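Each chain, written out:
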Amino acid sequence: MAAPAAKRRKVDHVSSDEEEDVASYASFGSEDEHGEGHEDLEANGVNKNISEGYGTEGSSGNGKPSVVSNKLKGLQARPSNRVASGPGSQNGAYAKGTFKSSLFKLQVDELLDQIQPKQGKREKEAEAALHKIKQTIDQMPGKEPLPVQDVETGLFESSKVVVPFPSPRPRPAANHKLAYAKPASTNVVGSHALKTASRSMKSLEIDMVVVMPSSMFQEKDYLNHRYFYKRAYYLACLAAGLKSAHNDDFQLRYENFQDDPLKPVIVITPKSKLKGHSDAASKPKWRINLIPCISEDTFNSEKMLPNKNCVRDQSTDAEQVPPADSAASTPFYNSSLRADMLMTSYLKTLHGAAKTCDSYRDACLLGRTWLQQRGLGSSIHAGGFGAFEWSALVALLLQGGGPGGRSILSDRYSSYQLLKATLQLLATRDLTKQPLVINSGDGASIEAGNGSPKVWDGVRSHNLLYKMTPWSYKKLRNEARTTLKMLNDSNFDGFEAAFILRVDNDLYKYDHVIELSDSAVDDGSSRQDYMALESHAKLYDVLQRGLGDRVEHLDIIPQWTESWDIDTANRGATTARKLRIGLVVDPDTVNRTVDHGPSAEQKEQAAAFRKFWGDKAELRRFKDGSILETVVWQTSTGQTVFEQIVRYLLQRRFGDQIIETATVSGGEVTKNLPHGSASTLFAPTMEGFKQFETDIRGLEGLPLSIRQISAADPQLRHASIEVPTRALRPKPANIVLQFEGSARWPDDLVAIQRTKIAFLLKLSQLILDALGSCTARIGLENDGCQILNQAFLDVIYDSGAAFRVRIHHDREQTLLERMLKDKALEPSVKDTVVLGLAMYKRDYIKAPAHTQAFAGLCSRHPALSGTVRLLKLWFASHLLSNHIAEEVVELIAARTFVQPWPWQAPSSVQTGFYRTLNWLARWDWRNDPLIVDLSAGGDLKPAEMQSIATTFEAWRKLDPVMNRVVFFAASNVDPDGTTWTDGRSTKVVAGRMSALAKAARAEIEEKQLLLEPASLFSSPLSDFDFVVHLDPELGGKKRKAAKKEVPAFKNLEIDMVDDESNVGFDPLLDFTTELEQLYGSAVLFFSGGHERTVIAGLWNPQTALRPWTLNLSYSTTPVKLADKEKMQAKVNRDAILAEIARLGGEIVRRIEVNRH
């Protein structure tokens, strides 16, 4: 069913001379390239919910980033191919650079309206709980200082509460004592206090800090975890007091704050009032994170600079402070402690920014949404850059960071400018090499070069990005760069891709994912939990060095630490944690089998190379005379080169144990393709085409010289499912041959067709005379209509390459168009002329241009060939091949590469295929045209995009029920959009395609790394009314099995394979075509070609009972019903099915009827 038409309203643009500073970060890009005009906006209707997981400043309580759904109440994201209208200005709102376009601004405003926090029932309940908690904490009595062992035992015996000491635990003989005192203050901080928490989150999350009094701490407590021990005991005392007072109302659990094992917090959630309801099994409506911290002046900030060491050897005198360079620095420990001192300070800073900049809160909401959709959050496992870091960074950039201490951002920027300018800074400035120092301070203490990013807050002596690792920072920069490119794409409306789409699924992001045990990576040299980051860094360095230019991006994702009960020890410390490594490869180098190292003359480098690679390194001499250290990988081991390298590196660097737990995934879906997914499989065919062109041009005695020989077939653009030279029955590749113009050509369509036959006969004779390695045969077609092309020439080489040649004469188009203008033309003849003109443009103009453009795109993107072949296999497996043209499938696959947003272009077949299914599931073909720039170089201009969109709207007005054109698929070489779709598909087929794609996307997102790719290519046959089961030997997959069976007479098999009459012979296609011609008015047939040897059918609803009449287009039987006066005509289904079986003959095995 078509979607109901939504009301539309026009948005007028008012031009203005007011412009933003073009030198600012927010005024870059291509906004000024858009022209002024009107843009339609769906004012009514649309989707209803934004769903997010709950999280602390951009990450959920269980460590999982929360996600915004692509369903927004009252918000309609326009089609991605929609041409963005030019920005105008009205009171500064539409100033150039303020927003990408007026439509984009309306979308952003609607999004902000949906996610801005509002006071509701859950907010009132949470705030009531806050008051109860604060009142309880204020009434809790203090506890006298006691030794570590005594306080831990006493607290558990009295309250059944465990003290969540970090690792390493305090020594029983430690001379410091632990105590509890009334807090100095209790405040609500974070996004709830700032009013930047997204209302769309399923669970409201509030951060509540309890400031411990400075009197509890001594001057040296910042050393050797002493502060964190006192903090842990203080937290346990809070847990004991709250448990005693509110055990019936609240659920209390410990959790590592943002995955920091040094800083556990108490997570407070409401207890369910329903009997038998599990609190752990469902997400609560709200949760409160109770966070102990200290005031900013508790410890000297200079003692906790990143280059200082605050974890000393316990065998030395802890009270003596050795020189800073006498031990390794502890930047994470220092910054983690320093962050506890600055919570209140940052709260004031963020509130100050919200007062001075009106757009600040909206920019924080946009930034939070952007981060969440990419799986980025404040927790360590989510990258260490979440909503808090974004808010703090924007606030600091409003204060300084620029030349001469000037601010980088202006407080007059719009929310979109603040967002884009911050992304520009993250994308263009490498903070690992050029730290950003804001508000002066001791900038000299920030040193570049260790791979970690640094944004130094000089006023507070704190690195804002201390939780980020080199790999998570590279991921953040990649996402920022991708988003900027997307927002600057004038042919793409980037709103949905920037803020709505969820892009954190590993199968969409990474080409390969390695899973292994986290404990197998840790060498056990350190007892500190937070030092696991050093083990991850070692793993990162090993893989980065070993894989080299094979990998473009490498991301390490540790498993989050789950919360645990306050009466138990930390489960995360004992549970086996998994470690995921996501990799994006370079398709040009990933399968390289030889790695060259330094020359033998470079002694030190050669020794380091041999030490790294071990027995794999060998010295080799090459043809150019060079002698280099080399590593050679095998291709016949059953493992890809990539997997061989990964497993060897892991085993050599981390031992045999890690190999037992390691799994390398990626590329499994390509196993469904015959002979693999490499584009080089088509090299013999392409070489054969070049040889064919050379042979034809070298012929002597042709009546006219050859102007052009054009390829016009999927085989010659790397896009056929079956590899041509390996097929049992070769399918000839279509070739278009055009001769030079001549006045001797007749000026009559019928005569032109006869002349073309004569040319083909002459060409056939010349080929047979001149070439001994091939044969040529004339074939006839379209024998029922003399104005259409009547013949073709098949040329078959002994190597197996086969080509089908048709002659193109440009005069045909003129004659056909002239006939259409003849008003006296009979309707039946006119229909034939319309068909002939469409076939002429398709076969002689559009097909060669499409083949050339698509082949060039495959050369630019090596993964495109395998992606489109897999996608065609997917369509065929679901019996849609006879309804959707191969060219349309190719355009769908190409879109993933030329408009890959919100990702970069896929670098592997697997990611390309999964992303294509993801887009296909979201494609609203009723309202959105498919427009693809096959040049990938910007040949399709915005004006041309707008023209194509106008054509699409005209088709929808001309054919609102979509009887003729369901899919509108256009490209830079085919702006008409209906060449491959006019009269081809129906709404039933399109709806089934969408349903299958949505089911595939759901399977991918649910199973993720546990996905069985074969499940994507299977669908039940019970959905159809009947199924015709054909001879399995007709199928491409069965032919391999049949070939292995040794026949009784081997010579018969050889004769069958070498029989030239088999070239181009496709009984399954011919049978399907005949059934559609005979019974297409009564049955909608579904076929998958050779990939699934069945033909399924649905009875047309028009074949229902109707009054008896003559000349119906299908077989009927008369029936008399009691409630009907006249005789009724009932479709004779049994007769039709029997006739189908008779027509099929031996190729029909059985007919299965599911519904009568």
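Our subject in this report is the structure included herewith. Remember, it's a predicted structure, so these values are computed and weren't measured experimentally.

Another aspect to go through is the overall build of the protein. Helices and strands together make up the secondary structure of the protein, namely 31 helices and 34 strands. Out of the 1156 residues in the protein, the part that is buried amounts to 55%. Across the protein, the fraction of contacts at a sequence separation of at least 24, relative to all contacts at a separation of at least 6, is 72%. A total of about 50100 Å² of accessible surface is found on the protein, and carbon and sulfur atoms cover 49% of it.

Right, let's get into the side chain of Asp504. Along the chain, Asp504 falls in the loop between α12 (495-500) and α13 (506-509). Overall, Asp504 belongs to the buried group, its relative accessible area being 15%. A polar contact of 2.9 Å, which involves the side chain of Asp504, links it to the side chain of Arg502.

This part takes up the sheet that holds strand β5 (residues 185-189). The sheet built from 6 strands is open, its strands ordered β5-β6-β9-β8-β7-β15 with mixed pairing. Only two strands of the sheet have a single neighbouring strand rather than two, namely β5 and β15 (564-565). As judged from the 9 bridges shared by strand β6 (residues 204-212) and strand β9 (residues 286-294), these two strands associate in the parallel manner. In the strand pairing of β9, Asp207 is matched with Asn289. Strand contacts of helix α5 (residues 226-246): β6, β7 (250-256), β8 (264-270) and β9, with the helix running at about 140° to β9, the strand carrying the most contacts. Against the sheet, helix α7 (residues 343-356) contacts β5, β6 and β9, and its axis sits at roughly 45° relative to β5.

Another aspect to go through is the nonpolar core. In terms of nonpolar packing, the biggest core is built from 174 residues, with Tyr360, Phe499, Phe692, Ile767, Trp874, Phe875 and Phe913 touching the most fellow members. With 10 residues, the single largest contributor to this core is helix α22 (residues 827-860). In terms of nonpolar packing, the next biggest core, distinct from the first, is built from 60 residues, Met140, Val161, Val163 and Met212 among them.

The relation between two aromatic rings is expressed through the spacing of the ring centres and the mutual angle of the planes. Inspection of every chain in the model, using the stated rule, returns 39 aromatic pairs. Note on Phe1026 and Phe1085: the rings are 6.4 Å apart at their centroids and 80° apart in plane angle, and the pair reads as edge-to-face. Here the residue Phe1026 occupies a position in strand β28 (residues 1026-1030), and Phe1085 occupies one in strand β29 (residues 1083-1087), the gap between them amounting to 59 residues. Both residues of the pair, Phe1026 and Phe1085, belong to the buried class. Among the aromatic residues, ring-to-ring pairing joins Phe217, Tyr222, Tyr227, Phe228, Phe299 and Tyr333 into one connected group. It is Arg804 that lies over the ring of Phe792; its NZ or CZ is 4.0 Å from the centre.

Turning our eyes to something else, we now look at a positive patch on the surface. Together, Lys538, Arg545, Lys611, Arg652 and Arg653 make up a region of like positive charge exposed at the surface. Broken down by secondary-structure element, the contributors of at least two residues to the positive patch are α15 (532-547) and α17 (641-654). With respect to the helices and strands, Arg545 occurs in helix α15.

We now examine the pairing of β9. With 9 of its 9 residues buried, β9 lies for the most part within the structure. Because side chains alternate across β9, one face comprises the buried residues Trp286, Ile288, Leu290, Pro292 and Ile294, and the other comprises Arg287, Asn289, Ile291 and Cys293, equally buried. Here β8 runs beside β9; their pairing, made up of 3 bridges, is antiparallel. Residue pairing in the sheet places Ile268 in a bridge with Ile288 of β9.

Taken together, the side chains of Leu761, Ile778 and Leu780 define a hydrophobic patch exposed on the protein surface, amounting to about 290 Å² of accessible area. Following the sequence through the fold, Ile778 ends up in strand β23 (residues 774-780).

Here we come to the sheet that holds strand β10 (residues 436-438). Within a sheet, adjacent strands bond to each other through the backbone by hydrogen bonds, running parallel or antiparallel. Judged by pairing direction, the sheet is mixed, and its 3 strands sit side by side in the order β10-β11-β12 without closing on themselves. Two strands in the sheet have a free side with no partner beyond their single neighbour: β10 and β12 (462-463). In the sheet, β10 pairs with strand β11 (residues 455-457) via 3 bridges, with the strands oriented parallel. From the neighbouring strand, Leu436 faces β11, where its bridge partner is Val455.

Glancing now at the environment of Ala1014. With respect to the helices and strands, the residue Ala1014 is situated in the loop between α27 (987-1007) and β28. Taking relative accessible area as the criterion, Ala1014 reaches 47% and is therefore assigned partly exposed.

Our focus in this paragraph is the pattern of salt bridges. With the rule as written, the count across this model stands at 46 salt bridges. Here Arg169 makes a salt bridge to Glu152, at a shortest N to O gap of 2.7 Å. Highlighted residues: Arg169 in the loop between α3 (148-159) and β4 (178-180) and Glu152 in helix α3, separated in sequence by 17 residues. Two residues, Glu887 and Arg717, come together in a salt bridge whose shortest N-O distance is 3.2 Å. Of the two residues, Glu887 sits in helix α24 (residues 886-898) while Arg717 sits in the loop between β21 (706-711) and β22 (733-739), which places them 170 residues apart along the sequence. Residue classification places Glu887 among the buried positions, given a relative accessible area of 14%. Look at Arg717 and you get buried, because its relative accessible area is 1%. Members of the salt-bridge network, linked through shared partners, are Arg717, Lys872, Glu886, Glu887 and Glu890.

So, on to unusual backbone geometry. Here Ser167 and Pro168 are connected by a cis peptide whose omega angle stands at 5°. The linkage connecting Trp901 with the following residue, Pro902, adopts the cis geometry, with an omega of 10°. Residue position: Pro902 is located in the loop between α24 and α25 (909-922). Here Lys160, not a glycine, exhibits a phi torsion of approximately 60°, which is positive. Looking at where Lys160 falls in the secondary structure, it is placed in the loop between α3 and β4. We note that His675 has phi near 70°; this positive angle belongs to a residue other than glycine. Inspection of the secondary structure puts His675 in the loop between β20 (663-665) and α19 (683-697).

Calculation rules
- Residues numbered from 1 in each chain as written.
- Predicted model: local features only at pLDDT ≥ 70, side-chain atom pairs only at ≥ 80, totals over all residues.
- Heavy atoms only, no water.
- Helix = DSSP H or I, 4+ residues; strand = E, 2+ residues; numbered from the N terminus.
- Buried < 20%, exposed > 50% of the residue type's maximum accessible area, 1.4 Å probe, protein only.
- Contact = heavy atoms within 4.5 Å.
- Areas by Shrake-Rupley, 256 points an atom, 1.4 Å probe, with all protein chains shown as cover.
- Polar contact = N/O pair within 3.5 Å; in protein donor to acceptor, adjacent residues only side chain to side chain.
- Pairing = 2+ DSSP bridges.
- Axes fitted to C-alpha atoms, helices over the stretch in contact; angles between N-to-C directions.
- Core = buried A, V, L, I, M, F, W, Y, C linked by side-chain atoms within 4.5 Å.
- Phe/Tyr/Trp six-rings, centres within 6.5 Å; stacked < 30°, edge-to-face > 60°.
- Lys NZ or Arg CZ within 6 Å of the ring centre and 35° of its normal.
- Patch = residues over 30% accessible without salt bridge, like charges linked within 9 Å, V, L, I, M, F, W, Y side chains within 5 Å.
- Salt bridge = Lys/Arg side-chain N within 4 Å of Asp/Glu carboxyl O.
- Lys, Arg positive; Asp, Glu negative; His and termini not counted.
- Charge placed at Lys NZ, Arg CZ, Asp CG, Glu CD.

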